[in-house]
Protein chains: 2
Amino acid sequence: MNQKIEKLIKQFAKLPRVGNRAAVRIVLALLQVRDGRAENLAAALLDATENVVPCAVCGCLTDKNTGTCEFCRDASRANGQICVVRDMGDVWTLEKSSVFHGRYHIIGGLISGAAGTMPDDLNISTLPERIKNEKITEIIFALPNTVEGKTTQHYIMSVVGGGVRFSELASGVPLGGDLDYIDDGTLSLAFGGRREL
Amino acid sequence: MNQKIEKLIKQFAKLPRVGNRAAVRIVLALLQVRDGRAENLAAALLDATENVVPCAVCGCLTDKNTGTCEFCRDASRANGQICVVRDMGDVWTLEKSSVFHGRYHIIGGLISGAAGTMPDDLNISTLPERIKNEKITEIIFALPNTVEGKTTQHYIMSVVGGGVRFSELASGVPLGGDLDYIDDGTLSLAFGGRREL
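Being a predicted model, the structure only gives us computed values, none of them experimental.

Criteria and thresholds
- Residues numbered from 1 in each chain as written.
- Chains lettered and ligands numbered in written order.
- Predicted model: local features only at pLDDT ≥ 70, side-chain atom pairs only at ≥ 80, totals over all residues.
- Heavy atoms only, no water.
- Pairing = 2+ DSSP bridges.
- Helix = DSSP H or I, 4+ residues; strand = E, 2+ residues; numbered from the N terminus.
- Contact = heavy atoms within 4.5 Å.
- Axes fitted to C-alpha atoms, helices over the stretch in contact; angles between N-to-C directions.
- Salt bridge = Lys/Arg side-chain N within 4 Å of Asp/Glu carboxyl O.
- Buried < 20%, exposed > 50% of the residue type's maximum accessible area, 1.4 Å probe, protein only.
- Parallel < 35°, antiparallel > 145°, perpendicular 65-115°, else oblique.
- Nonpolar A, V, L, I, M, F, W, Y, C, P; charged D, E, K, R; others polar.
- Core = buried A, V, L, I, M, F, W, Y, C linked by side-chain atoms within 4.5 Å.
- Expected span 1.5 Å × (residues − 1).
- 1 Å grid on protein atoms, 1.4 Å probe; cavity = no way out; pocket = protein on both sides within 12 Å on 5 of 7 lines; lining within 4 Å.
- Points joined across faces, edges and corners; volume = space filled by probe spheres on them.
- Buried area = accessible area lost by both parts, 1.4 Å probe.

A.B. asks: Sorry, what's going on with the sheet that holds strand E4 (residues 103-106) of chain A here?
C.D. replies: Hydrogen bonds along the backbone pair up the strands of a sheet, which may run parallel or antiparallel. All names here are of chain A. Strand order in this open sheet of five strands is E4-E3-E5-E6-E7, and the pairing throughout is mixed. If you trace the sheet from one side to the other, it starts and ends with E4 and strand E7 (195-196), each paired once. In the packing of helix H5 (residues 88-97) onto the sheet, contacts are made with strand E3 (81-85) and E4, and the angle to E4 comes to roughly 155 degrees.

A.B. asks: Whenever I open this one, the pattern of salt bridges confuses me. Can you help?
C.D. replies: Side chains that carry opposite charge are capable of pairing whenever their charged atoms lie near each other. One pass over the full model with this rule turns up 20 salt bridges over all chains. The salt bridge partner of Glu-138 of chain B is Arg-165 of chain B, with a shortest N-O separation of 3.6 Å. With Glu-138 of chain B in strand E5 (residues 138-141) and Arg-165 of chain B in strand E6 (residues 165-168), the pair connects residues that are 27 residues apart, well separated along the chain. For Glu-168 of chain B, the salt bridge is made with Lys-150 of chain B, and the minimal N-O distance between the two is 2.9 Å. Linking Glu-168 of chain B in strand E6 with Lys-150 of chain B in helix H7 (residues 147-160), this pair joins segments that are 18 residues apart in sequence. The class for Glu-168 of chain B is buried, based on a relative accessible area of 8%. Via salt bridges that share partners, Arg-25 of chain A together with Arg-86, Asp-87 and Asp-90 of chain B belong to a single interconnected network.

A.B. asks: Honestly, the packing of H5 of chain A against helix H2 (residues 20-32) of chain B in this entry has me stumped. Any pointers?
C.D. replies: Packed helices, taken two at a time, are described by the angle their axes make and the gap between the axes. Remark: H5 of chain A packs on H2 of chain B, axes separated minimally by 10 Å, with the N-to-C direction vectors making an angle of 135 degrees. Between H5 of chain A and H2 of chain B, the crossing angle belongs to the class labelled oblique. Within the contact between the two elements, H5 of chain A uses Met-88, Gly-89 and Trp-92 of chain A and H2 of chain B uses Val-24, Arg-25, Leu-28 and Gln-32 of chain B. Here the residues of the contact of H5 of chain A with H2 of chain B sort into four nonpolar, two polar and one charged.

A.B. asks: Looking at this model, I keep getting lost on the nonpolar core. Mind explaining?
C.D. replies: In globular proteins that are soluble, nonpolar side chains generally tend to be buried together. Counting 92 residues, the largest nonpolar core has Phe-12 and Leu-45 of chain A together with Phe-12 and Leu-45 of chain B as the members making the most contacts within it. Dropping the residues within four chain positions of it, Leu-45 of chain B is found in contact with Leu-8, Phe-12, Leu-30, Ala-38, Leu-41, Ala-42 and Leu-45 of chain A.

A.B. asks: Which parts of the structure should I look at to understand helix H2 (residues 20-32) of chain A?
C.D. replies: An α-helical turn contains 3.6 residues, so a residue and the one three or four places further along point in the same direction. Its 13 residues place the ends of H2 of chain A 18 Å apart at the C-alpha level, agreeing with the 18 Å of an ideal helix rising 1.5 Å per residue. Where burial is concerned, most of H2 of chain A is hidden: 10 out of the 13 residues are buried. Among the residues making up H2 of chain A, those that are buried are Ala-22, Ala-23, Val-24, Arg-25, Ile-26, Val-27, Leu-28, Ala-29, Leu-30 and Leu-31 of chain A. Here the buried face of H2 of chain A lies against helix H1 (3-13) and helix H3 (37-51) of chain A together with helix H3 (37-51), strand E1 (52-54), strand E2 (61-63) and helix H5 (88-97) of chain B.

A.B. asks: Would you take a moment to explain the layout of surface pockets for this structure?
C.D. replies: Leftover empty space is mapped by rolling, across the atoms, a probe with the size of a water molecule. Taken as a whole, the largest pocket encloses approximately 430 Å³ of empty space. Forming the boundary of the largest pocket are 16 residues, of which Trp-92, Thr-93 and Lys-96 of chain A together with Met-1 and Val-24 of chain B lie nearest the centre. Per element, the largest residue contribution to the lining of the largest pocket is five residues, and it comes from H5 of chain A. Split into classes, the residues belonging to the lining of the largest pocket amount to six nonpolar, three polar and seven charged.

A.B. asks: Sorry, what's going on with the interface of chain A and chain B here?
C.D. replies: One frequently used descriptor of interface size is the decrease in accessible area upon assembly of the parts. Between chain A and chain B, the residue contacts involve 49 residues of the former and 48 residues of the latter. Both faces combined, the contact of chain A with chain B buries some 5,000 Å², and carbon together with sulfur accounts for 67% of it. Its largest share of buried area at the contact with chain B, chain A owes to Lys-4, Arg-25 and Trp-92 of chain A, together 14% of the area lost on that side. The interface formed by chain A and chain B holds four salt bridges in total. The salt bridge involving Asp-47 of chain B is made with Lys-4 of chain A; its shortest N-O contact spans 3.6 Å. When residues of the side of chain A that touches chain B are traced back to their parent elements, those giving at least two are H1, H2, H3, strand E1 (52-54), strand E2 (61-63) and H5 of chain A. In terms of residues, the side of chain A that touches chain B owes the most to one element, H3 of chain A, which gives 13 residues. Here the side of chain A that touches chain B is built from residues that sort into 28 nonpolar, eight polar and 13 charged.

A.B. asks: Which parts of the structure should I look at to understand unusual backbone geometry?
C.D. replies: Trans is the common state for peptide bonds, and a negative phi is the common state for residues other than glycine. Residues other than glycine seldom take positive phi values, yet Lys-135 of chain A does so here, at roughly 50 degrees. Examined against the element boundaries, Lys-135 of chain A turns out to sit in the loop between helix H6 (127-133) and strand E5 (138-141). Of the residues examined, Lys-135 of chain A reaches a relative accessible area of 67% and is grouped as exposed. You will see that Arg-17 of chain B, though not glycine, has its phi angle at about 65 degrees, which is positive. If you trace the backbone, Arg-17 of chain B turns up in the loop between helix H1 (3-13) and H2.

A.B. asks: How do you make sense of the pairing of strand E4 (residues 103-106) of chain B when you look at a structure like this?
C.D. replies: Looking down a regular strand, the side chains alternate between one sheet face and the other. Residue and element names in this part refer to chain B. Neither face of E4 is left uncovered, since the one carrying Arg-103 and His-105 and the one carrying Tyr-104 and Ile-106 both have all their residues buried. Two elements, strand E3 (residues 81-85) and E4, share four bridges in a ladder whose sense is parallel. Bridged to Val-84 within E4 is His-105.

So, in structure tokens, the structure goes:
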């Protein structure tokens, strides 16, 4: 097989949810039908990797030249609530369901002995400062309902200490489940019935 | 959602075998973990689209600066046989199974009234010339075992006319099946038991 093609297939096969067979089909489609898709994809990739950065305050992906993200810039979202999530995908899931109108804090992972993720690897240390600066009254945890999620939640509570209410999503999040697979209705219930800790 | 991110997700979602949810996960992985994968993918895309072209003789994807493909350049493959296939993916499938040692002819699709693909849309007209130039004695059809595949096969036989033997893959290709999903053993049987027409 042509070396350039082989290299391209390998690059695609490295992406999540793309197996080797799918990578072959993708590359075939891109190289056999020249409709500009490949060039557009390459341009969009370079544009996004160059110009999209994590917000310095909350970690949400945002345009490099805006400094902070759309949520941190939006004064109407300064309602005293911060929702702590694992990654940007969870923010998109929550935004799509429109159940939360405060700000986010992306920690970027979960504490896990098995995966070797320690508290210092996560974006947690800036949270106490944010609570003071943004007059936060409630921290809502929207982390996966797993051992790692709960461990991380308890660690964050111990770091933040008092002076703020803590809550977590109510029943509705299936045990062992990921935010990714929950429908908007269930997510809405979970937000409404959140339980103080 | 950030515009650049949205654009990138849309580009990924246009690829075969990538749904919208997978596109979101791919983009998240590329933008949240900056390990150079996105840049490498973009570079490989541009390199391949710029430098990989169909072979002027058989249609196989090949390097722009080599002119003809590895199969057409390889004198040991001038065994008088041409295997007619639909696309480059079928060539890769056949090459992986090592059952064929002649040359290929990619027609680029199948005649189909439903899809609006007419004989003129396919790479068929150069075949009689190739048979003369390359002293071809046998045309082996390795097209999908479908109505469209058989229609295309009969059309090609009528265009080529006499002076050459025609054969098709023997039993082993499941009815309605695609070359893509056949194991090497079955493919080998099918090549061995090919039937003269």
